[in-house]
Amino acid sequence: MLQLGIKGRREEVVVEEKTAAHIGSGLVRVFATPMMIALIEQTCNESVVPHLEAGQGTVGTHVDVSHSAATPVGMRVWCESELVEVDRRRLVFAVKAYDECGLIGEGRHERFVIDTQKFTAKAEGKKA
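Quick summary incoming for the structure in this document. (Residues numbered from 1 in each chain as written. Predicted model: local features only at pLDDT ≥ 70, side-chain atom pairs only at ≥ 80, totals over all residues. Heavy atoms only, no water.)

**Points about the sheet that holds strand S4 (residues 90–99)**
Piece 1. Reading across the sheet, the five strands line up as S1-S3-S4-S5-S2 and stay open at both edges, with antiparallel pairing between neighbours. The two strands at the open ends of the sheet, each matched to only one other strand, are strand S1 (7–13) and strand S2 (56–67). When strand polarity is set aside, the average angle formed by the axes of neighbouring strands in this sheet is 25 degrees.
Piece 2. In the sheet, S1 pairs with strand S3 (residues 76–87) via seven bridges, with the strands oriented antiparallel. Within S3, the position partnered with Glu12 by the bridge is Val77.
Piece 3. Contacting S1, S2, S3, S4 and strand S5 (102–115), helix H2 (residues 33–48) crosses the sheet at an angle of about 140 degrees to S2. (Pairing = 2+ DSSP bridges. Helix = DSSP H or I, 4+ residues; strand = E, 2+ residues; numbered from the N terminus. Axes fitted to C-alpha atoms, helices over the stretch in contact; angles between N-to-C directions. Contact = heavy atoms within 4.5 Å.)

**Details of the nonpolar core**
Piece 1. Grouped together as the largest cluster of nonpolar side chains are 19 residues, with contacts concentrated most on Leu2, Phe31, Val48, Leu91 and Phe93.
Piece 2. Of all the secondary structure elements, the ones that give two or more residues to this core are H2, S3, S4 and S5.
Piece 3. Counting residues per element, this core draws most heavily on H2, which supplies five residues.
Piece 4. Leaving out residues up to four positions away in the same chain, Leu2 has contacts with Val48, His51, Leu52, Leu91 and Val113. (Core = buried A, V, L, I, M, F, W, Y, C linked by side-chain atoms within 4.5 Å. Buried < 20%, exposed > 50% of the residue type's maximum accessible area, 1.4 Å probe, protein only.)

**Observations concerning the environment of Ala70**
Piece 1. Assignment of secondary structure puts Ala70 in the loop between S2 and S3.
Piece 2. With relative accessibility at 55%, the residue Ala70 sits in the exposed group.
Piece 3. For the pair Ala70 and Ile40, spaced 30 residues apart in the sequence, the C-alpha separation amounts to 16 Å.
Piece 4. Once you skip the residues sitting within four places of it in the chain, Ala70 turns out to touch Val30 and Asp99.

By themselves, these observations are geometric and do not establish any function.
Here it is, written out as structure tokens:
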């Protein structure tokens, strides 16, 4: 069951493939904002998966975060999340991202609980 206060944490090391220069979101070799957002989404998703019913999953629907500090290749980054709102299938998380020197980003992330089979069928139906 999903309850307020569920927390998550995910950590990784910044590698070349996660830099702005590599993915094309900028020209410098630092942790890219889209990669920080991916880290946030992974952290939030993984935190609630154990609390979902069989056949359910979550999908990201909204991200509102700042990316306030650059992180070079080789440095550890991590995200911490907390489920702060549950409105039926809508989940809202408070998120913070850090590197070894401190806070690099923070904000809110929204996800929806889905029936994965129905969701996939609907998405595949767009091909018809």
